[in-house]
Amino acid sequence: MIRICLRKVDLPLSPAPSSRIFTSRLTTQGDGVILCVSERDSSLDMTIRNTLRDHGQRYRPRMACLRKAEKVLLEMQDPKTGVRSQPQRLVITTIPHAITGEDIIAWLEDRFQLDAQEARSLGCMLVALGYIYPLQDHKRLVIKPDASLYRCQTPYFWPTQQWPVEDTDYAIYLAKRNIRKKGLLELHEQEHYNRLHKWMNHKWDFIVMQAKEQYRAAKERKKPDRVVFDCQERAYWVVHRPPPGTVSAMDYGLDRLVDPNADEGKTPDFYERIMIFTQQAIMRPRVKSSVSISALVKHCSTYKSHDPFLAKCLPSNPWVTDDVTYWTLNMPNVEIPTKMRVERWTFSFKELLSDPRGRDDFRLFLKKEFSGENLAFWEGCEDLKWGQASTMREKAEHIYKTFLARGAPRWINIDGKTMEITVKGLKHPHRYVLDPAQTHIYMLMKKDSYGRYQKSPVFKETVKKAICPEEHQFSETQLGHNAKKRRPSLSPIILRQLEQEQKAKMAANVDITQLCRFTTPVSHLAVYSGLTDFPTADASPPLPFPPHTPSCPSPISVALESTSASERRAEAGEGEGEGPPGAQAPAAGNATTSRVALSLRRLLKRGCASASMFASWSPKCHSATGTGGRIQPIGPDRPGQAPPRRIGNFFQIKVDIPPECRIYPIESEDEDEDSRAVSRGGEGAKEIICPWESLTPQNGAG
Amino acid sequence: MPLVNNKVGDDCTVGTDKALADGKALVDSLIKVVACYRQLASCVGGCTDSLQLRDELRQTREKAQMLAMSICSHLTSHLRNRSLPEGQRKEMELLWVAFSSSLELLHVDMCKVFYVAEIFALANTDALVKTGVQGGGSEMVARALSLPDLNQTQSPTLPAELESQERSTMEREISQIDRMIDDMEMKVNVLRWMVEPHGPQRADPLSSTDSSSLGLLSVDEEQPGPRPLCQRSQIFVLLLMSAVVLVSATLSICIVFFS
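Residues numbered from 1 in each chain as written. Chains lettered and ligands numbered in written order. Predicted model: local features only at pLDDT ≥ 70, side-chain atom pairs only at ≥ 80, totals over all residues. Heavy atoms only, no water.

The name given to chain B in an unreviewed UniProt entry is Regulator of G protein signaling 9 binding protein, and the organism recorded there is Gasterosteus aculeatus aculeatus.

Per an unreviewed UniProt entry, chain A is named Regulator of G-protein signaling 9, and its organism is Gasterosteus aculeatus aculeatus. Under the heading Subcellular location (unreviewed entry), UniProt records this for chain A: "Membrane". (UniProt positions renumbered as here; feature names shortened; annotations may be inferred.)

Rendered as structure tokens:
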């Protein structure tokens with residue numbers, strides 16, 4: 001019995017296209033052609049497929065539409081019930097079996113009980129896949145519902161069996177066309193030709209010879225047949241090597257590792273896999289179908305009018321009409337959202353938060369209600385979760401200091417148990433360490449603020465201002481014009497920069513107005529300006545720091561100088577790679593803040609020097625921080641000022657936190673005796689001590 | 001690119017020169033047969049598909065396989081001969097590359113024909129795809145087999161039972177070609193990146209007369225709407241100019257006459 005996989009859809013031929021010339025033969029050796037020989041020659045078993053070492057993806061995915069299109073085409077051939085064909089009259093001769101576009105569409109409507117639009121799309125698909133080719137305007141693979149002529153493609157050129165389309169054949173075809181008339185090749189074809197010439201140079205003699213022979217063999221045929229064959233071949237190559245700018249229906253994505261048409265052998269591995277799968281299926285939690293179905297129904301009925309497949313997309317679906325108004329109207333930072341978008345915000349809190357414009361609106365509302373820190377904390381947690389691993393420690397620290405610590409400027413209200421868990425986890429921060437707190441805050445916002453937001457004047461205003469664009473009515477020519485005007489969108493790099501600039505700007509404008517209950521409202525109290533998500537240091541501090549700046553930062557500048565912190569800052573900055581540009585300065589700031597404690601302790605040990613020395617050093621500090629500016633400085637002069645101010649912060653906060661109330665995690669790591677001594681000496685100290693500061697002096701290096 | 005000086009008189013080189021020439025001739029004919037086979041294969045499943053076409057395919061295929069086997073043995077024996085001079089070896093390698101490429105093409109065509117023939121059983125002629133082809137492939141078979149004229153009366157009437165036999169033959173032949181390809185690779189190691197082709201690097205255009213007629217047809221097909229108009233407008237302009245020339249000539253004659 002000869003077992004050859006030819007009865008299946010694909011014949012796995014030498015599965016390497018000619019572009020991989022150097023390895024084609026070798027891999028055929030390696031994985032072998034999947035042909036078995038008859039029993040008599042069972043010693044010559046050809047299934048040498050080496051699945052252990054061969055991880056190449058060479059199998060084209062099953063395209064089920066091709067088999068179905070083939071059946072449709074075969075039905076169309078029936079002389080009685082098929083499509084009516086007519087002869088095509090050319091100058092010299094007539095060629096039979098041409099069918100008009102309108103006949104095809106009418107037949108499809110009749111056969112499948114479709115309406116005209118759908119029949120037309122189906123016809124377009126048949127043409128795009130290469131089963132029917134147009135005789136006029138052969139480069140555009142669409143079906144026109146008028147008297148323009150088409151013809152069926154010969155089965156040799158059908159894509160059904162998914163023979164890999166070889167570059168050798170394409171090279172031969174292009175060479176043939178070159179023989180016929182030099183200079184006939186189009187630009188993209190010439191480029192292909194040159195590229196193939198370079199890559200298949202070793203068989204170029206063969207290609208030219210084969211092209212000539214094919215040309216001569218074709219000449220043996222009668223003229224009409226020759227013309228037909230030329231048209232067929234040309235149509236085949238338009239489908240499989242489409243000109244640039246067109247959409248190819250044969251663009252099926254990646255090749256597969258496993259042949260989708262091959263039978264999987266019943267090996268022990270196979271059965272083991274099935275067993276594991278069924279065991280997991282049994283263990284899965286089950287839901288009553290009434291519950292799940294009703295959830296589905298609810299979801300569908302809510303989102304029905306928002307789905308661009310099921311409902312009209314206003315003004316028009318860009319994928320259909322090539323008009324990008326829809327996308328510009330729904331940009332993340334648009335001023336006036338569309339009505340549909342605003343409606344989506346009312347569906348659930350998750351929708352509101354996931355839409356950047358909705359989040360902006362909500363933030364505005366919260367600002368008016370003076371509970372903006374919840375959303376800021378939530379965003380900080382998201383940033384931590386999705387951010388880079390290298391910055392995680394600083395981010396966690398920063399969030400703790402800003403939101404969770406006692407005396408934090410934007411203190412959030414979470415219950416004691418969650419706070420305990422969080423602080424314990426912050427000893428060894430990881431991505432999800434703030435998850436319980438985040439969930440708590442999320443539920444708080446959802447249950448409380450979300451409801452009020454929907455009744456608030458902010459939201460009502462937004463709803464009133466929301467626009468409802470009119471539907472576009474494009475004519476055929478306009479659609480064609482739009483298709484020509486297609487342009488690629490903004491580069492993602494630019495988009496990201498814009499996003500970050502916007503974030504920084506927004507962060508700069510936020511005022512912290514929530515005070516911790518432990519902080520006495522002193523006039524010069526620290527107001528953290530703009531430290532929601534890693535903002536840049538172009539914070540505009542509204543409070544009068546300057547009077548204190550000359551004296552206060554100086555110990556810090558001493559510390560900075562002594563520990564050459566500017567280098568460290570640069571290190572910290574560089575270590576973050578592509579983090580937001582503003583991150584470098586606050587990281588530097590963080591570095592300096594963490595150094596603050598250290599330097600403070602050192603200073604207390606050494607004793608203060610004279611003020612003049614400090615004053616002389618402070619400009620250096622400024623210049624040092626000035627050099628910490630990064631690639632895209634949002635405000636190059638700002639970074640120099642912010643760290644000292646923030647440092648000044650720590651000296652300004654007069655919090656009377658009883659020492660025993662401070663939250664200190666158990667320090668498991670060794671600390672130098674300095675810090676211990678200082679921490680004992682620094683009881684009732686004025687700065688907010690971060691649980692990690694004493695643990696690792698190299699915090700800033702990230 | 002090393003020049004092969006065939007005039008160097010040496011016994012062994014003369015022998016291999018002849019072998020080279022033989023090999024070249026064989027490979028050329030294989031390429032020709034493969035081209036013809038492809039033309040025939042494109043008709044399978046179309047409206048001209050018939051027992052005759054299948055028979056023609058079979059004949060072409062058999063000829064191709066015969067050639068392939070002889071080339072295989074010829075080239076393999078020569079390339080395994082270590083005492084082959086360098087220039088000869090390069091030529092042989094070129095032939096080898098051409099041979100393996102044409103074998104691959106043949107393999108693909110055979111598989112396609114096999115598969116399509118399976119779908120389009122000849123019993124049901126209604127299902128054959130109306131491709132617009134009218135003529136048969138007899139001229140191509142003639143070209144392939146290098147016979148001046150194929151005897152048309154020799155139309156084989158294969159009974160239906162033999163179709164399945166035909167299919168199994170085909171399967172066997174496909175596997176044979178496959179085996180040949182693999183054997184070749186195992187026995188002879190030709191480094192493809194070392195092979196340098198000679199000959200025209202771009203395919204030069206052949207005689208212009210043929211191409212123009214074909215070009216005209218294809219031009220006609222492309223846009224029968226605007227194109228004939230363009231040509232008609234050109235003819236119209238020509239006529240107009242000739243008329244103007246005639247009128248001016250007659251006027252000048254009149255002037256000469258009457259002055």
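What follows continues from the structure just given.
(A) Layout of the overall build of chain A. Counting its regular elements, chain A contains 28 helices and four strands. Out of the 702 residues belonging to chain A, those deemed buried represent 48%. Across chain A, every contact between residues at least 6 apart in sequence was considered, and the portion connecting residues at least 24 apart equals 68%. For chain A, the accessible surface area stands at approximately 36000 Å², while carbon and sulfur atoms represent 57% of it. (Helix = DSSP H or I, 4+ residues; strand = E, 2+ residues; numbered from the N terminus. Buried < 20%, exposed > 50% of the residue type's maximum accessible area, 1.4 Å probe, protein only. Contact = heavy atoms within 4.5 Å. Areas by Shrake-Rupley, 256 points an atom, 1.4 Å probe, with all protein chains shown as cover.)

(B) Region of the structure containing the overall build of chain B. What chain B contains, in helices and strands, is seven helices and zero strands. For chain B, the N- to C-terminal ordering of α and β elements is α-α-α-α-α-α-α. Of all 259 residues assigned to chain B, the portion counted as buried reaches 46%. Residue pairs in contact within chain B that sit at least 24 positions apart in sequence constitute 83% of those at least 6 positions apart. Split by element, the accessible area of chain B, about 13100 Å² in all, is 62% carbon and sulfur.

(C) The packing of helix H7 (residues 204-219) of chain A against helix H3 (residues 86-119) of chain B, seen in detail. One can describe the packing of H7 of chain A onto H3 of chain B by two numbers: an axis separation of 9 Å at closest approach and a directional angle of 55°. Relative to H3 of chain B, the element H7 of chain A is oriented oblique. With respect to the hand of their crossing, H7 of chain A and H3 of chain B are arranged in right-handed fashion. When H7 of chain A is examined against H3 of chain B, the residues Asp-205, Phe-206 and Gln-210 of chain A are found in contact with a partner set consisting of Leu-94, Ala-98, Ser-101, Ser-102 and Leu-105 of chain B. Among the residues forming the contact of H7 of chain A with H3 of chain B, the class breakdown is four nonpolar, three polar and one charged. (Axes fitted to C-alpha atoms, helices over the stretch in contact; angles between N-to-C directions. Parallel < 35°, antiparallel > 145°, perpendicular 65-115°, else oblique. Left-handed = near helix turned anticlockwise from the far one by under 90°. Nonpolar A, V, L, I, M, F, W, Y, C, P; charged D, E, K, R; others polar.)

(D) Representation of the packing of helix H5 (residues 167-180) of chain A against helix H8 (residues 223-240) of chain A in the model. Residues and elements named next belong to chain A. Look at H5 against H8: their axes get within 12 Å of each other, and the N-to-C directions meet at 130°. By the criterion of interaxial angle, the relationship of H5 to H8 is oblique. Two packed elements cross with a definite hand, and for H5 against H8 that hand is left-handed. In this structure, H5 contributes Asp-169, Tyr-170, Tyr-173, Lys-176 and Arg-180 to the contact, and H8 contributes Phe-229, Asp-230, Glu-233, Arg-234 and Trp-237.

(E) Focus on the pairing of strand S4 (residues 149-152) of chain A. All names here are of chain A. Burial along S4 is two-sided: the residues Leu-149 and Arg-151 and Tyr-150 and Cys-152 are all buried. Of the strand pairs in this sheet, strand S2 (residues 94-100) and S4 are connected by two bridges, and their pairing is antiparallel. Residue pairing for S4: Thr-100 is matched across the bridge by Leu-149. For strand S3 (residues 132-134) and S4, the ladder comprises three bridges, and the chain directions are antiparallel. (Pairing = 2+ DSSP bridges.)

(F) Spotlight on the nonpolar core. Formed by 104 residues in total, the largest nonpolar core has its most connected members in Met-76, Ile-104, Tyr-131, Ile-132 and Ile-207 of chain A together with Phe-99 and Leu-103 of chain B. The element contributing the most residues to this core is H3 of chain B, with 16 residues. With residues near it in sequence (within four places) discarded, Ile-104 of chain A still touches Met-76, Val-83, Ile-99, Ile-132, Ile-143 and Tyr-150 of chain A. If you look at the next biggest cluster of nonpolar residues, it comprises 39 residues, including Phe-349, Val-423, Leu-426 and Leu-434 of chain A. (Core = buried A, V, L, I, M, F, W, Y, C linked by side-chain atoms within 4.5 Å.)

(G) Spotlight on the UniProt feature "transmembrane region" (unreviewed entry) in chain B. As recorded in UniProt, the feature "transmembrane region" (unreviewed entry) lies at residues 235-258 of chain B. Annotated as 100% helix and 0% strand, the span residues 235-258 of chain B places its first and last C-alpha atoms 34 Å apart.

(H) Region of the structure containing the packing of aromatic side chains. Enumeration over the complete set of coordinates arrives at 24 aromatic pairs over all chains. An aromatic cluster is defined as three or more aromatic residues linked by ring pairs; in this entry it consists of Phe-349, Phe-362, Phe-365, Trp-378, Tyr-442, Tyr-450, Tyr-453 and Phe-459 of chain A. The ring of Tyr-170 of chain A has Arg-241 of chain A sitting right over it, with the charged end atom 5.2 Å from the ring centre. The positively charged end of Lys-112 of chain B is found above the aromatic ring belonging to Tyr-156 of chain A, 4.4 Å away from the centroid. (Phe/Tyr/Trp six-rings, centres within 6.5 Å; stacked < 30°, edge-to-face > 60°. Lys NZ or Arg CZ within 6 Å of the ring centre and 35° of its normal.)

(I) Focus on helix H20 (residues 457-465) of chain A. All names here are of chain A. Taken as a whole, H20 has its buried residues at Val-458, Phe-459 and Thr-462. The buried side chains of H20 occupy one side of the element, clustering within an arc of 95° when seen end-on. Opposite the packed face of H20, turned more than 90 degrees from it, sit the exposed residues Pro-457, Lys-460 and Lys-464. Buried positions along H20 lie against helix H13 (339-345), helix H15 (356-369) and helix H19 (435-455). (Arc of directions from axis to C-beta.)

(J) Representation of the pattern of salt bridges in the model. Residues and elements named next belong to chain A. The tally for this structure, following the rule as stated, stands at 29 salt bridges over all chains. A salt bridge links Arg-84 to Asp-103; its shortest N-O distance comes to 2.9 Å. Taken together, the residues Arg-84 in the loop between helix H2 (64-76) and strand S1 (86-89) and Asp-103 in helix H3 (residues 101-112) connect sequence positions 19 residues apart. On the accessibility criterion, Arg-84 (51% relative accessible area) is exposed. (Salt bridge = Lys/Arg side-chain N within 4 Å of Asp/Glu carboxyl O.)

(K) Region of the structure containing the confidence of the model for chain A. Residue and element names in this part refer to chain A. Model confidence for chain A is summarised by a mean pLDDT of 73, while 64% of its residues fall at 70 or above. Low pLDDT (under 50) marks residues 607-686, which in the prediction has 105 contacts with non-local residues, meaning those over four places away or in another chain. Residue range residues 695-702 is modelled with pLDDT below 50. Its contacts to residues more than four positions away, or to other chains, number 20 contacts. (pLDDT = per-residue confidence, 0-100.)

(L) Region of the structure containing the sheet that holds S3 of chain A. Residues and elements named next belong to chain A. Spatial ordering of the open sheet is given by S1-S2-S4-S3, a layout of four strands whose pairing is antiparallel. Taken across any chain shown, the strands that pair with only one partner, and hence form the sheet edges, are S1 and S3. For this sheet, the mean inter-axis angle between neighbouring strands, taken without regard to orientation, is 55°. Here S1 pairs with S2 via three bridges, running antiparallel. Directly across from Arg-89, in S2, lies its bridge partner Thr-94.

(M) Examining unusual backbone geometry more closely. All names here are of chain A. Cis geometry is adopted by the peptide bond preceding Pro-315, which originates at Leu-314 and carries an omega value of -10°. Residue position: Pro-315 is located in the loop between helix H10 (289-303) and helix H11 (318-321). Notably, Asp-322 is not glycine yet its phi reads approximately 60°, a positive angle. Tracing the chain through its elements places Asp-322 in the loop between H11 and helix H12 (325-329).

(N) Spatial organisation of the environment of Gln-39 of chain B. Within the secondary structure, Gln-39 of chain B is located in helix H1 (residues 11-41). Ignoring anything within four residues of it in the chain, the contact list for Gln-39 of chain B reads Gln-214, Ala-217, Ala-218, Arg-221 and Phe-229 of chain A together with Met-140 of chain B.

(O) Main features of helix H4 (residues 116-129) of chain A. All names here are of chain A. An ideal rise of 1.5 Å per residue puts 20 Å on 14 residues; H4 measures up with 20 Å between its terminal C-alpha atoms. Every buried residue belonging to H4 is among Ala-119, Gly-123, Leu-126, Val-127, Ala-128 and Leu-129, and all of these are buried. Where H4 is buried, its residues touch H2, H3, S3, S4 and H8. (Expected span 1.5 Å × (residues − 1).)

(P) Local environment of the pairing of S2 of chain A. Of all seven residues in S2 of chain A, six are buried, a share of seventy percent or more. Once S1 of chain A ends, the chain turns through four residues before running back antiparallel as S2 of chain A.

(Q) Main features of the confidence of the model for chain B. All names here are of chain B. Mean pLDDT over chain B: 75, with 75% of residues reaching 70 or higher. Segment residues 148-160 is flagged for pLDDT under 50; beyond a separation of four residues in sequence, or across chains, it makes seven contacts in the model. Counting contacts from residues 205-228, a segment whose pLDDT is below 50, to residues more than four positions away or on other chains yields 37 contacts.

(R) Representation of the environment of Val-83 of chain A within the structure. All names here are of chain A. Mapped onto the fold, Val-83 is located in the loop between H2 and S1. Considered as a pair, Val-83 and Ala-98 are 15 residues apart in the sequence and their alpha carbons are 9.9 Å apart. Once you skip the residues sitting within four places of it in the chain, Val-83 turns out to touch Met-76, Ile-99, Asp-103, Ile-104 and Trp-107.

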